[in-house]
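Examining the three-dimensional arrangement
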Number of protein chains: 2
Amino acid sequence: MALRARALYDFRSENPGEISLREHEVLSLCSEQDIEGWLEGVNSRGDRGLFPASYVQVIRAPAAEPPPPARYANVPAGGFEPLPPPAAFKPAAQQPEPFPLPPAAAGYPFPPAPYGGSYQPSQGSDDDWDDDWDDSSTVADEPGALSSSYPDYEAAGGGAAPGRYRLSTRSELSLGSRGGGHSAGHPHPSGGGGAKSSATVSRNLNRFSTFVKSGGEAFVLGEASGFVKDGDKLCVVLGPHGPEWQENPYPFQCSIEDPTKQTKFKGMKSYIAYKLVPSHTGQQVHRRYKHFDWLYGRLAEKFPVISVPHLPEKQATGRFEEDFISKRRKGLAWWMDHMCSHPVLAQCDAFQHFLTCPSTDEKAWKQGKRKAEKDEMVGANFFLTISVPTGPGAVLDLQEVESQVDGFKAFTKKMDESALQLNHTANEFARKQVTGFKKEYQKVGHSFKCLSQAFELDQQAFSAGLNQAIAFTAEAYDTIGDLFADQPRQDLDPVMDLLALYQGHLANFPDIIHVQKGALTKVKESKRHVEEGKMELQKAEGIQERCNIISFATLAEINHFHKIRVRDFKSQMQHFLQQQILFFQKVTQKLEEALHKYDSV
Amino acid sequence: MALRARALYDFRSENPGEISLREHEVLSLCSEQDIEGWLEGVNSRGDRGLFPASYVQVIRAPAAEPPPPARYANVPAGGFEPLPPPAAFKPAAQQPEPFPLPPAAAGYPFPPAPYGGSYQPSQGSDDDWDDDWDDSSTVADEPGALSSSYPDYEAAGGGAAPGRYRLSTRSELSLGSRGGGHSAGHPHPSGGGGAKSSATVSRNLNRFSTFVKSGGEAFVLGEASGFVKDGDKLCVVLGPHGPEWQENPYPFQCSIEDPTKQTKFKGMKSYIAYKLVPSHTGQQVHRRYKHFDWLYGRLAEKFPVISVPHLPEKQATGRFEEDFISKRRKGLAWWMDHMCSHPVLAQCDAFQHFLTCPSTDEKAWKQGKRKAEKDEMVGANFFLTISVPTGPGAVLDLQEVESQVDGFKAFTKKMDESALQLNHTANEFARKQVTGFKKEYQKVGHSFKCLSQAFELDQQAFSAGLNQAIAFTAEAYDTIGDLFADQPRQDLDPVMDLLALYQGHLANFPDIIHVQKGALTKVKESKRHVEEGKMELQKAEGIQERCNIISFATLAEINHFHKIRVRDFKSQMQHFLQQQILFFQKVTQKLEEALHKYDSV
């Protein structure tokens, strides 16, 4: 049997010799051995060529489907099985590269199960899919169509082939032997557009490098240029815990409520619209998931060193099921909370447009949309908008920054692992409460009921009270079973929602860190080149200055992450415990009611 | 392979053609087909002959051991499995005969799991066994040895072969064709001793008939004779709910505490002695399990229509394990409570001797023992000691009695089924709390712990409080897991202990009802014989009068059962609920402690 692999993600060939892959597509492999992170194979259309090894999963016979990221709603027939050994956690630890995978998979041996997406595995109803995705999915096959909509989606999300570090190293070794000829492999329009060829500091060969794609490299090399309006300025200030984003002087919140089904094309198409009410305007607007998704794409493109919160998972089928809609609404609310809490994201034009443009004003919406899409201050140019402190502490110590970033990297890895584990535990715990715990308490209830029914045969008037009390106790246990089954909605679900959101952030940080690391490397490189007389001091100082800006932004972002993390986990743990306490109090109350029935027996 | 069967109970051959069986012995069967309830086979000593089919279980290859009546301490490796379908309950419903099985099996497709006996399946350490059983088991092979100790143990316990109803019917059909020639098959010494041959009312052919073995038949036929001392008189009075035993004018309780290991033969043998303090003497005595067992044998022999509470199960191995001793003590305390609560049992000489004879006075003990063993007012003669009301209501309506007894029979069947189910449910529920529930809560604790450990890597002073609070929450969930595992001891174990005691009573009643039914049948028979001119009216009236006494006693016993049942189940349900409430309050308190840790974060 020929060696086969399944594509884990879409991949579009951009260079000769590469072939495109579509997610789930099965390919024949020419060899299982990758060549610097690339595999050779034949795709389902018969094209033969290279593709990143990390984008596929080799299929070991018999073809085993990866388990769907099931929430407890999908209870296996087996019911109440013991937890499998945590083998599922292993791959994360085994990954040799720190951040070799695309965002959806970074650090997750199985994809995280965000906001209710796992209630139903995707079954590919294209009609439903189209509606929410008519800007993207249905035109995915047309070359360029995707990139016109989300020119940098992959880059900002961190699509990165393995071996990029090796390739990068090689490019440094073959210093000077290549020019700007690789800009064809550089998909970033602005980063690429404003770039000037530099013979002295090498450009990264690997087009999957986030450092390159984000525009970080171009910026550090001084290739970015653009006019920064005052309104676009972003300030990093020195706070008590180091660099932080200047706070939003006009903080606001935004509620997301009343998801309602709406139709268009005389009812031929239907979709869900959510009512948004931003506190700073008080004006409600209605937005669809595709609007959120458009916004996300804009922001992910624009801000290379900011962790844009991930949206709740897309879902193809069952979009109108109440459970799903309610979960998505909650997910969007969490997302919105993180958006509003972020000083940079909250104030950005595209987001403000999204929050404030009247839903009925189609023209204004399109205008704002076009403006956001034409924004020049994205990627490399985004870094131009950042202003950092001057005076004492204005230049960060490179080594200290590196150590802080390394510390944070270790932290995110550990937090990711524990979030994954907690998510798994919470999921299992919820499942068992819905199935096993409920069943156990209700079996106790049922047995008491049988006893009271048997006792009713006793023909003794004096035991009627006892029989009734036991019957009441039976009902109490039945109710307690239901309480157990209902409880995860109250306490574990919010925990899992929070974890999903944070798993999204944790998946963002590898790229953010990578940009910062790339900048640091450039500084070191430039210093060496100066020592070797290959670079002018002034140029090297420029590089260092720009790297300083990236460092400030990165540390500010890390700081922000910790701040909201402590805030969120504190309040979520409190909420969880409060709900658990309420639950056990309800159980106790039920039992007390039952106990009192025996008083008069 | 030859057909084989395993003996479920001891059986002693008493007639030519029968062979003896020992419990657990494996036999070769000549045929699987029984002949009127008898099977033919070869026992382990090579003797070939007949034995009651109900005393053995045919072994289907592969030889499958019946599952031990496992309490949750014996957790299968599989752990937290879903409850098997209640197939285990079926056989009870399928049994064609109402009471065809010996007491240990009556109504129980698998034996009930009384007082802790299931902590360890019996492994037959004879040394241990000997010690508690030196009066019986070790001499079981000597003919007559067992019967000298417990001449009527089987009878009172209700050892009954299948088909006895059929045999009984046949004996009625072949009326007059047989005389007293079957007294050889009549093992009851007193019933048999005082018996006069009666040609007009047939004696029951089946020596397994409880009606015969209890002496009920002999009494009804007027064959019992003996001098009833005033002190031996037992009164049935008419209470608000019908006939009842006259209350004990000097009610008392008796505590059973401090089980202590004692030795004899210079430490070669050791045993457990329990301290008994009866409230009416206040004098403590020490008794061993074998003393309880001796007493039980006496009482079961003496009182044919009284439900003598069963003792907690014998256990061969591990008798000195604390768990077992504590369980046995609790079981004996329950037993003692039921003994003291019964007006007849509480006042009987053998019990009083047991309660009051100083443990140190070996001579007095033996004297009392001998006296009890020589008691003549057992079996048939016991009925002579019963005096029933005179005046209005002094003769019970036969049909009404029959309907009441039938109603009670239906009640016991249903109660037995529900007790079996509740016991099974409680056992499973306990097992799941000890295993699954504990594990689930502790996994949550562990995941929180991992999260707090990850958070400790964050280098942020301001999150130390949160990390500590999460660590505390982790410990709280760990503790809650332990609370779940400890809980069954507090609430489910007592429920199961109570159920075991009642399952014992329920196993007694078939025989009690059988005696009453046998008496009723005799009355009907005698009436018919009078009509047919085959019996003198006076004789028939005597039969009816004696049957009336049995009816009074039976109804009094039924009444007493209901009274203590309502009392016991009320208090046990209250205790159960109180313990459950306390448990959930403890859990709530733990969670509240954890919640408060976030106040200062």
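Residues numbered from 1 in each chain as written. Chains lettered and ligands numbered in written order. Predicted model: local features only at pLDDT ≥ 70, side-chain atom pairs only at ≥ 80, totals over all residues. Heavy atoms only, no water.

Observations concerning the overall build of chain A
If you tally the helices and strands in chain A, you get 17 helices and 11 strands. Counting only residues that meet the buried cut, chain A has 53% of its 601 residues in that class. The contacts in chain A between residues at least 6 apart in sequence include a share of 74% that link residues at least 24 apart. Accessible surface, chain A: about 25400 Å² in total, of which carbon and sulfur atoms supply 52%. (Helix = DSSP H or I, 4+ residues; strand = E, 2+ residues; numbered from the N terminus. Buried < 20%, exposed > 50% of the residue type's maximum accessible area, 1.4 Å probe, protein only. Contact = heavy atoms within 4.5 Å. Areas by Shrake-Rupley, 256 points an atom, 1.4 Å probe, with all protein chains shown as cover.)

Some thoughts on the side chain of B:Q442
Summarising the element assignment, B:Q442 is placed in helix α15 (residues 398-455). When neighbours within four sequence positions are excluded, B:Q442 is seen to be in contact with B:Y477, B:D478, B:G481 and B:D482.

Quick look at the pattern of salt bridges
All names here are of chain A. For the structure shown, the criterion picks out 46 salt bridges over all chains. Measuring nitrogen to oxygen at the nearest pair gives 3.7 Å for the salt bridge that ties E217 to K522. Taken as a pair, E217 in helix α8 (residues 216-220) and K522 in helix α16 (residues 492-531) lie far apart in primary sequence, 305 residues in all. Look at E217 and you get buried, because its relative accessible area is 1%. Assessed through its relative accessible area of 6%, K522 is described here as buried. The salt bridge involving E301 is made with R298; its shortest N-O contact spans 3.1 Å. A residue pair is termed a helical-turn pair when its members lie 3 or 4 positions apart in one helix, as E301 and R298 do in helix α9 (residues 289-302) at three residues. (Salt bridge = Lys/Arg side-chain N within 4 Å of Asp/Glu carboxyl O.)

Structural notes on the relation of the copies chain A and chain B
Least-squares fitting of chain A to chain B yields an RMSD of 0.3 Å, with the transformation described by 0.1 Å of translation along the axis and a rotation of 179°. Taken together, the turn and the small shift mark the pair as related by a two-fold rotation axis. A shared interface surface links the copies, since 100% of the contact residues of chain A are contact residues in chain B too. (Least-squares fit on C-alpha atoms with pLDDT ≥ 70 in both.)

Structural notes on the environment of B:I513
Residues and elements named next belong to chain B. Mapped onto the secondary structure, I513 falls in helix α17 (residues 492-531). Put simply, I513 and V405 are 108 residues apart on the chain and 7.0 Å apart in space, counted from C-alpha to C-alpha. Beyond its immediate stretch of four places on either side in the chain, I513 contacts V405, F408 and K409.

Examining the domain arrangement of chain A
Residues and elements named next belong to chain A. Parsing chain A into structural domains produces domain 1 (4-59), domain 2 (221-387) and domain 3 (398-597). Between domain 2 and domain 3, the C-alpha centre-to-centre distance is 25 Å. Each partner contributes residues to the interface: domain 2 has 29 residues there, and domain 3 has 32 residues. Per-residue buried area on domain 2 facing domain 3 is highest for S307, W334 and H338; these three make up 25% of the total on that side. Put simply, domain 2 and domain 3 have three salt bridges between them. Between D493 and K327 there is a salt bridge, with the nearest N and O atoms lying 2.9 Å from each other. On inspection of domain 2 and its partner domain 3, the count reaches 16 residue pairs in polar contact (both at pLDDT 80 or more). For the side of domain 2 that touches domain 3, the secondary structure elements donating two or more residues are β6 (234-239), β7 (242-245) and α10 (322-341). Residue contributions to the side of domain 2 that touches domain 3 peak at eight residues, all from α10. Each residue belonging to the side of domain 2 that touches domain 3 can be placed in one class, and the counts come to 15 nonpolar, eight polar and six charged. (Domains from an automatic or database assignment. Buried area = accessible area lost by both parts, 1.4 Å probe. Polar contact = N/O pair within 3.5 Å; in protein donor to acceptor, adjacent residues only side chain to side chain. Nonpolar A, V, L, I, M, F, W, Y, C, P; charged D, E, K, R; others polar.)

Details of the packing of aromatic side chains
Overall, the coordinates contain 65 aromatic pairs over all chains when judged by the stated rule. Residues A:Y477 and B:F576 carry aromatic rings whose centres are separated by 5.9 Å and whose planes lie at 35° to one another, so their mutual orientation is tilted. Of this pair, A:Y477 sits in helix α15 (residues 464-490) while B:F576 is found in helix α18 (residues 537-596), placing the two residues in two different chains. The class of B:F576 is buried, set by a relative accessible area of 0%. Here the guanidinium or amino end of B:K597 rests over the ring plane of B:F472, the centre of that ring lying 4.5 Å away. (Phe/Tyr/Trp six-rings, centres within 6.5 Å; stacked < 30°, edge-to-face > 60°. Lys NZ or Arg CZ within 6 Å of the ring centre and 35° of its normal.)

Details of the pairing of strand β9 (residues 269-278) of chain A
Residues and elements named next belong to chain A. Burial of β9 is extensive: seven of the 10 residues sit out of reach of the surface. By the bridge criterion, nine bridges tie strand β8 (residues 254-264) to β9 in an arrangement that is antiparallel. Bridge pairing in β9 links S255 to V277. Once β8 ends, the chain turns through four residues before running back antiparallel as β9, passing F265 with a positive phi of about 50°. Note that β9 and strand β10 (residues 285-288) share four bridges and pair antiparallel. Bridged to Y274 within β10 is R287. Between the end of β9 and the start of β10, which pair antiparallel, lie six residues, with G282 showing a positive phi angle near 70°. (Pairing = 2+ DSSP bridges.)

Some details on the nonpolar core
The biggest cluster of nonpolar side chains holds 241 residues, and the ones touching the most others in it are A:L276, A:M336, A:F351, B:L276, B:M336 and B:F351. If near-sequence neighbours (up to four positions away) are discounted, A:F351 is found in contact with A:F252, A:L295, A:W335, A:M336, A:M339, A:C340, A:L345 and A:A346. (Core = buried A, V, L, I, M, F, W, Y, C linked by side-chain atoms within 4.5 Å.)

Some words on the sheet that holds β8(A)
Residue and element names in this part refer to chain A. Read from one edge to the other, the open sheet built from three strands follows the order β8-β9-β10, with strand pairing classed as antiparallel. In the strand order of this sheet, the two ends are held by β8 and β10, each with one partner. Along the sheet, successive strands turn relative to each other by an average axial angle of 35°, direction set aside. Here α9 sits on the sheet and contacts β8, β9 and β10; the angle it forms with β10, its principal contact strand, is near 80°. Taken strand by strand, α10 contacts β8 and β9, and its axis lies near 135° from that of β8. (Axes fitted to C-alpha atoms, helices over the stretch in contact; angles between N-to-C directions.)

Observations concerning the packing of α17(B) against α18(B)
Residue and element names in this part refer to chain B. In the contact formed by α17 and α18, the axes pass within 9 Å of each other and the chain directions differ by 165°. One way to sum up the angle between α17 and α18 is to call them roughly antiparallel. For the crossing formed where α17 meets α18, the hand is left-handed. A class-by-class count of the residues in the contact of α17 with α18 yields 24 nonpolar, eight polar and five charged. (Parallel < 35°, antiparallel > 145°, perpendicular 65-115°, else oblique. Left-handed = near helix turned anticlockwise from the far one by under 90°.)

Some points on the sheet that holds β6(A)
Residue and element names in this part refer to chain A. Taken together, three strands build an open sheet; the order of strands is β7-β6-β11 and the sheet is mixed. Among the strands making up the open sheet, the edge pair consists of β7 and β11 (386-387). With two bridges joining them, β6 and β11 adopt parallel strand pairing. Within the sheet, the bridge partner assigned to C235 lies in β11 and is S387. Contacting β6, β7 and β11, helix α17 (residues 537-596) crosses the sheet at an angle of about 80° to β7.

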